[in-house]
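# Examining the three-dimensional arrangement
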Amino acid sequence: MIILYGKLYSEWMIRMNTEYFQWDREHGYKTQDLEKLAKILKDGGLVAFPTETVYGLGGNGLNPQASEKIYAAKGRPSDNPLILHISKKEELSLIVKEIRPVAEELMKFFWPGPLTLIFEKSERVPYTTTGGLETVAVRMPEHEGARQLIQAAGVPIAAPSANRSGRPSPTTADHVKEDLDGKIDAVVDGGTVGIGLESTIIDLTEDIPVILRPGHITKEMVASVIGEVKMDPGLSGSDATVKPKAPGMKYRHYAPRAKMTIYDGDFKRVMEKIKEAASSFESDKVGILATEESRGMYPHGQVVSAGSRKKHTIGEGLYGALRQFDKLGVEVIFSESFSAEEKSEAIMNRLLKAAGQNIVYLDD
């Protein structure tokens, strides 16, 4: 059982009637729907909504009770900080102490977009939202529907991914329903998200900015704007004593229920090794994570495609593929590596966490 700031996790688990709403790029929200969703957030309730990265589980980021509800609904450890989402840059000065020139440069190039920046927090931001830290993570989503909702609510929205903690992040409203139906007030169905991987997170409280979580915006892209930037050595999250400064740094994430092993190296060797490993299991009990180009090469096992290498859609399809293995009921998963793909840092970061860092390197 999880303790959340003195409250038992089970105390929050009163089943509620989750309402479902629609948003689309052509028509937006119905006026009455947006008003109702904004009221839920203002009153301390929870709304799952689409962004350009994944679906977020939103609550009033300035309301400690709303943040506690987010932790409870997700089953999320309370030292794992939440990201505050804003609808316009002017809202930032209310929740952070200082906006350094390096932050101004990054916001100029990448906001709105899939980039989260870490600042020293202002007194308005409760420690429940920041996981007890003096810093706060903030981003301005590119998704128009997300910004409309934040603006209508009139408060920064704390929004981790809208899934049960440790599960693959949701890229559709159906994924949210699988994990959180009956546990939150509302879900906005905006279709399938575009990017499919969470935002890049950069810590700006250090002398040299540090990437705490890789994402769609790469280290090279950041360096082209601000110069020197480092990758955090704790990205593996293997040290249990580390207090995470950003989501996804410490705990198991993105994982299917079955044990997963990744094979990395020359593709022919990877494919042969996966075939060999899969042959030790009944066909319906073994899963193989492949691509559109390779899915037909495995004669044994439940083969699921993460996307196309040629079209660079692995990131978009990864979480949906991992969730598919749960539906298939496999007991073990063998995965191709995507270390040579576009955005490979972000993809492999998520894949390794899903596999518990269980990777076999086949090259000499």
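Conventions we followed
Residues numbered from 1 in each chain as written. Predicted model: local features only at pLDDT ≥ 70, side-chain atom pairs only at ≥ 80, totals over all residues. Heavy atoms only, no water. Helix = DSSP H or I, 4+ residues; strand = E, 2+ residues; numbered from the N terminus. Rg over C-alpha atoms; globule rule 2.2 N^0.38 Å. Buried < 20%, exposed > 50% of the residue type's maximum accessible area, 1.4 Å probe, protein only. Contact = heavy atoms within 4.5 Å. Polar contact = N/O pair within 3.5 Å; in protein donor to acceptor, adjacent residues only side chain to side chain. Pairing = 2+ DSSP bridges. Right-handed = clockwise from strand over helix to strand, strands pointing away. Axes fitted to C-alpha atoms, helices over the stretch in contact; angles between N-to-C directions. Parallel < 35°, antiparallel > 145°, perpendicular 65-115°, else oblique. Left-handed = near helix turned anticlockwise from the far one by under 90°. Nonpolar A, V, L, I, M, F, W, Y, C, P; charged D, E, K, R; others polar.

Regarding its fold elements, the chain presents 10 helices and 18 strands. Against the compact-globule benchmark of 21 Å for 364 residues, the chain has a radius of gyration of 20 Å, which places it among compact chains. Counting only C-alpha atoms and orienting by the principal axes, one finds that the chain spans roughly 55 × 50 × 45 Å. Counting every position in the chain, which comprises 364 residues, the buried fraction comes to 57%. Residue pairs at least 24 apart in sequence account for 68% of intrachain contacts in the chain once pairs closer than 6 positions are excluded.

Another point: the side chain of aspartate 203. Residue placement: aspartate 203 occurs in strand 11 (residues 200–203). For aspartate 203, a relative accessible area of 2% gives the class buried. There is a polar contact of 2.7 Å between the side chain of aspartate 203 and the side chain of threonine 205.

Here the focus is the pairing of strand 12 (residues 210–213). Across 3 bridges, strand 11 lies against strand 12 in antiparallel orientation. For aspartate 203, the partnering residue across the bridge sits in strand 12 and is valine 210. Between the end of strand 11 and the start of strand 12, which pair antiparallel, lie 6 residues. Of the pairings in the sheet, the one linking strand 12 to strand 13 (residues 230–231) comprises 2 bridges and is parallel in character. Considered in strand 13, the bridge of valine 210 is made with lysine 230. This β-α-β element, strand 12 to helix 7 (residues 219–226) to strand 13, shows right-handed connectivity.

Omega for the peptide link from tryptophan 111 to proline 112 comes to -5 degrees, which places this bond in the cis form. Take proline 112: it is sitting in the loop between helix 3 (101–110) and strand 7 (115–120). In the Ramachandran plot, histidine 312 falls in the positive-phi region, its phi being about 60 degrees despite a non-glycine side chain. Mapped onto the fold, histidine 312 is located in the loop between strand 16 (302–305) and helix 9 (314–328). Under the relative-accessibility criterion, histidine 312 is labelled partly exposed at 43%. Notably, lysine 343 is not glycine yet its phi reads approximately 60 degrees, a positive angle.

Before going further, it helps to spend a moment on the environment of aspartate 174. By the element assignment, aspartate 174 lies in helix 6 (residues 173–180). For the pair aspartate 174 and valine 187, spaced 13 residues apart in sequence, the C-alpha separation works out to 9.7 Å.

Glancing now at the packing of helix 3 against helix 7. Interhelical geometry of helix 3 versus helix 7 gives an angle of 120 degrees and a closest axis separation of 10 Å. Between helix 3 and helix 7, the crossing angle belongs to the class labelled oblique. Here helix 3 and helix 7 pass one another in a crossing that is right-handed. Only Met221, Val222, Val225 and Ile226 of helix 7 make contact with helix 3, whose side of the interface consists of Val102, Glu105, Leu106, Phe109 and Phe110. Tallied by class, residues from the contact of helix 3 with helix 7 come to 8 nonpolar, no polar and 1 charged.

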